[in-house]
Amino acid sequence: MPSVTQIRVRYKDTDTMSVVYYGNYLTYFEVGRVEYLRQKGLPMSLVNTRIHMPVVEVFVKYVKPARLDDLLEVVSRVSARKRVSFTFSYEIRNEAKDLVATGFTRHACWDPATSTLIALPDWLKEIMPDADLDPIDR
């Protein structure tokens, strides 16, 4: 099941036109991803002691500008699982429910103790329901 997180656009997130600077959408994705894990009972402080999840690929499609003081809704879900990686997909909407941006981040599974890639652990797979996965990636 996807998670939903609200983020208020802060002054520091905007450019001189009061529009969200494009790079800040990656921060919004991160906030959504961390809240997804927290809502599944895995706060990032715990996850980070067991596995590291470096971003190995990212994509953002900008649809409509978000502006200063907008209340954004970030919907996050795990859309793909592979042997040593997984993908989060995101939708960001404004208060009018207009689509602002979509995108994804792909993450590797990294063992912090050995500094090597590892298979996706079972405890992490358990919070990534098949129902959320994109059909072509199952």
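A. Quick look at unusual backbone geometry. For serine 18, which is not glycine, the phi torsion reads 65 degrees and is therefore positive. Turning to its location among the elements, serine 18 is positioned in the loop between β1 (3–8) and α1 (24–39). For lysine 97, which is not a glycine, the phi torsion comes out positive at approximately 70 degrees.

B. Region of interest: the sheet that holds β1. Judged by pairing direction, the sheet is antiparallel, and its 5 strands sit side by side in the order β1-β3-β4-β5-β2 without closing on themselves. In the strand order of this sheet, the two ends are held by β1 and β2 (55–62), each with one partner. Between one strand and the next, the sheet's axes are offset by a mean angle of 20 degrees, whatever the strand orientation. Where strand β3 (residues 71–81) meets strand β4 (residues 85–93), 8 bridges bridge the pair, whose relative direction is antiparallel. Each bridged residue has a counterpart across the sheet, and for serine 76 the counterpart in β4 is tyrosine 90.

C. Representation of the environment of arginine 81. Within the element layout of this structure, arginine 81 appears in strand β3. Along the backbone, arginine 81 and arginine 8 are 73 residues apart, and their C-alpha atoms lie at a distance of 30 Å. A distance of 2.4 Å separates a polar atom in the side chain of arginine 81 from the backbone oxygen of methionine 128.

D. Structural context of the packing of aromatic side chains. Enumeration over the complete set of coordinates arrives at 8 aromatic pairs. Where tyrosine 25 meets tyrosine 28, the ring centres are 5.8 Å apart and the plane angle is 75 degrees; that geometry is what we call edge-to-face. You can see tyrosine 25 and its partner tyrosine 28 sitting in helix α1, 3 residues apart, about one turn around the helix. For the residue pair tyrosine 25 and tyrosine 28, the accessibility class agrees, reading buried in each case. Residues phenylalanine 59 and phenylalanine 104 carry aromatic rings whose centres are separated by 5.9 Å and whose planes lie at 20 degrees to one another, so their mutual orientation is stacked. One end of the pair, phenylalanine 59, is in strand β2; the other, phenylalanine 104, is in strand β5 (residues 99–108), with 45 residues separating them in the sequence.

Definitions and cut-offs
Residues numbered from 1 in each chain as written. Predicted model: local features only at pLDDT ≥ 70, side-chain atom pairs only at ≥ 80, totals over all residues. Heavy atoms only, no water. Helix = DSSP H or I, 4+ residues; strand = E, 2+ residues; numbered from the N terminus. Pairing = 2+ DSSP bridges. Axes fitted to C-alpha atoms, helices over the stretch in contact; angles between N-to-C directions. Polar contact = N/O pair within 3.5 Å; in protein donor to acceptor, adjacent residues only side chain to side chain. Phe/Tyr/Trp six-rings, centres within 6.5 Å; stacked < 30°, edge-to-face > 60°. Buried < 20%, exposed > 50% of the residue type's maximum accessible area, 1.4 Å probe, protein only.

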